[in-house]
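# Inside the fold
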Protein chains: 2
Amino acid sequence: MSSTERKAREKEELKTLILKAAHKLFVEKGIGQTTIRNIADSIDYSIGTVYVYFRDKNEILHALHTQYFTDLRGQLKVLFNVKDPMERLKAMGKVYINYGLDNPEMYDLIFILKAPMEFLETIQKDEWDEGKASFDLLKTTVKQCMDAGHFKGHTLEPLSFLIWGCVHGMCSLEIGSRTKNVNIKNPENIVRDAYDEFLNIINKL
Amino acid sequence: MSSTERKAREKEELKTLILKAAHKLFVEKGIGQTTIRNIADSIDYSIGTVYVYFRDKNEILHALHTQYFTDLRGQLKVLFNVKDPMERLKAMGKVYINYGLDNPEMYDLIFILKAPMEFLETIQKDEWDEGKASFDLLKTTVKQCMDAGHFKGHTLEPLSFLIWGCVHGMCSLEIGSRTKNVNIKNPENIVRDAYDEFLNIINKL
DNA sequence: TTGAAAAGTGAACAATGTTCATTCTTTTTG
DNA sequence: CAAAAAGAATGAACATTGTTCACTTTTCAA
């Protein structure tokens, strides 16, 4: 029956509409400043309707978390066009950092805020699909680097995690306002300058 | 007059009492689960009293932020007993990571949560004293390493920030539950295993 | 046309940060 | 030493937010 089909599609569309509205508000005024009422108002629906489509705020946060992460992972996946794994690794870092610095609220939701992970716990899902898939992209690349003779004497997983930690750490210090007000000469560029040091080091390994 | 003196001391004591109570609750049930009412209740004072001593919740968060940070910085300062700067640098990383893994709520407040930095903004103080002082400890050590012939071809500030980002990134991924549920063989030890890789790399530079 | 199922609603509740007029306590003063 | 002034503490009350659910409106197959 096509009406039930249409119904299902309409349900999906409203869900999407809510998420789009939430996203807009996140970017405009920050995640912390976005309320369910805000979201409902901005699409001319009632509060209750939002709760028909999402069990709670964390589910909304988790849904956008997944969207953002899928987006970032897409950008990383494209880099598999770069055949040289070392070049690809360097490009991945650059893409990752750009994503973080250009979309701080989105980055926050992907990698910093506890809410999306708490949602996974409440639904008893102990798999973080996007996280796993993305980390695998990194591991695969590092593995290929090792196969090509780099990173001698290193271990795959810990090294991969170290690299992730490196770029994540710099992004999150920046996003968390920990680079301002510290005695740094070029605070606006410190993350990218430091990433150049990273490249410098990687090149030697 | 000694009565005004005593009054001042008593005021300080109550302030300290409030902070101690807040700290206890933070550790017990998490920062997010700690409310002003909780704090007031736990020391048998009224909500209003807390607001006599602190302008708002962010001021409490900032006060503890500073305490925690001073504590961590103290632990780092002690390491200046280690004269060899490379050895000291490695020890600093270890101490930093231990602090983060052993005191996740406290680490959260120092390096991750926005609240303490927001408080600095509201009082129009654009100096992050503890942050600056701690980063200086790191910079000084890295500088001494460079003077001793290490880190050839690198630049002091970006390299120092990269190192900070490295250890911070790993700690905050762990604290933010981003290491669970990713396909890692030893998730419980990944941070320390990765830090060994870090040492491995540092040793070559 | 009609009645049941689906969709949507918003008043109401609970939790929390915050304010402030009031009460209680301490100190100073005449 | 009593009264007044200053200081400290209070908690009721308000605003905001997430959340629930009994109720209304809409949709659509029979």
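Treat the numbers as computed from the prediction; the structure is a model and nothing was measured.

All names here are of chain A. Tallied over the entire structure, the rule returns 18 aromatic pairs over all chains. When the centroid spacing of 5.3 Å and the interplanar angle of 20° are considered together, the rings of tyrosine 195 and phenylalanine 198 count as stacked. Taken together, the residues span about one helical turn, with tyrosine 195 and phenylalanine 198 both in helix H10 (residues 190-202) at a distance of three residues. For the pair shown, tyrosine 195 and phenylalanine 198 are each scored as buried.

Moving on to unusual backbone geometry. All names here are of chain B. One non-glycine residue with positive phi stands out, namely aspartate 44, at about 55°. Topologically, aspartate 44 is positioned in the loop between helix H2 (36-42) and helix H3 (47-53). Positive phi, normally seen in glycine, also occurs at glutamine 124, with a value near 60°.

Residue placement: B:Arg73 occurs in helix H4 (residues 57-78). Those residues in contact with B:Arg73, other than ones at most four positions away along the chain, are B:Glu130, B:Ala133, B:Ser134 and B:Leu137.

A few words now on the interface of chain B and chain A. Contact with chain B, which involves 58 residues of that partner, is made by 58 residues of chain A. Each partner contributes to the roughly 4700 Å² buried at the junction of chain B and chain A, and carbon and sulfur atoms together form 63% of this total. Of all residues in chain B, B:Phe161, B:Arg178 and B:Asn181 give up the largest surface area on contact with chain A, accounting jointly for 17% of the area buried on that side. Notably, a salt bridge pairs B:Lys114 with A:Asp108, separated by 2.9 Å at the nearest N-O pair. Applying the counting criterion to the chain B and chain A interface returns 25 residue pairs in polar contact (both at pLDDT 80 or more). Sort the elements by how many residues they give to the side of chain B that touches chain A and helix H9 (residues 156-175) of chain B lands first, with 14 residues. Split by residue class, the side of chain B that touches chain A holds 26 nonpolar, 16 polar and 16 charged.

With that settled, the discussion passes to the packing of helix H9 (residues 156-175) of chain A against helix H10 (residues 190-204) of chain B. Put simply, H9(A) and H10(B) touch, their axes get as near as 8 Å, and they point 85° apart. Between H9(A) and H10(B), the interaxial angle falls into the category roughly perpendicular. Residues A:Glu157, A:Pro158, A:Leu159, A:Phe161 and A:Leu162 of H9(A) pack against B:Ile190, B:Val191, B:Asp193, B:Ala194, B:Glu197, B:Phe198 and B:Ile201 of H10(B).

This part takes up the layout of surface pockets. Estimates place the volume of the largest pocket at around 1200 Å³. Lining the largest pocket are 40 residues, and of these A:Asp108, A:Leu113, A:Lys114, B:Leu113 and B:Lys114 sit closest to its centre. Taken together, the residues of the lining of the largest pocket break down into 15 nonpolar, twelve polar and 13 charged. If you add up the space inside the second largest pocket, you get close to 160 Å³. When contributions to the lining of the second largest pocket are tallied by element, the ones reaching two or more residues are helix H7 (115-122) of chain A together with helix H6 (104-112) of chain B. Of the residues in the lining of the second largest pocket, the class split is three nonpolar, two polar and six charged.

Residues and elements named next belong to chain B. Of the positions making up helix H7 (residues 115-122), those classed as buried are Ala115, Pro116, Met117, Phe119 and Leu120. Where H7 is buried, its residues meet H4 and H6. Glutamine 124 occupies a position one or two residues after H7 and carries a positive phi of about 60°.

Reading guide: rules and limits
Residues numbered from 1 in each chain as written. Chains lettered and ligands numbered in written order. Predicted model: local features only at pLDDT ≥ 70, side-chain atom pairs only at ≥ 80, totals over all residues. Heavy atoms only, no water. Phe/Tyr/Trp six-rings, centres within 6.5 Å; stacked < 30°, edge-to-face > 60°. Helix = DSSP H or I, 4+ residues; strand = E, 2+ residues; numbered from the N terminus. Buried < 20%, exposed > 50% of the residue type's maximum accessible area, 1.4 Å probe, protein only. Contact = heavy atoms within 4.5 Å. Buried area = accessible area lost by both parts, 1.4 Å probe. Salt bridge = Lys/Arg side-chain N within 4 Å of Asp/Glu carboxyl O. Polar contact = N/O pair within 3.5 Å; in protein donor to acceptor, adjacent residues only side chain to side chain. Nonpolar A, V, L, I, M, F, W, Y, C, P; charged D, E, K, R; others polar. Axes fitted to C-alpha atoms, helices over the stretch in contact; angles between N-to-C directions. Parallel < 35°, antiparallel > 145°, perpendicular 65-115°, else oblique. 1 Å grid on protein atoms, 1.4 Å probe; cavity = no way out; pocket = protein on both sides within 12 Å on 5 of 7 lines; lining within 4 Å. Points joined across faces, edges and corners; volume = space filled by probe spheres on them.

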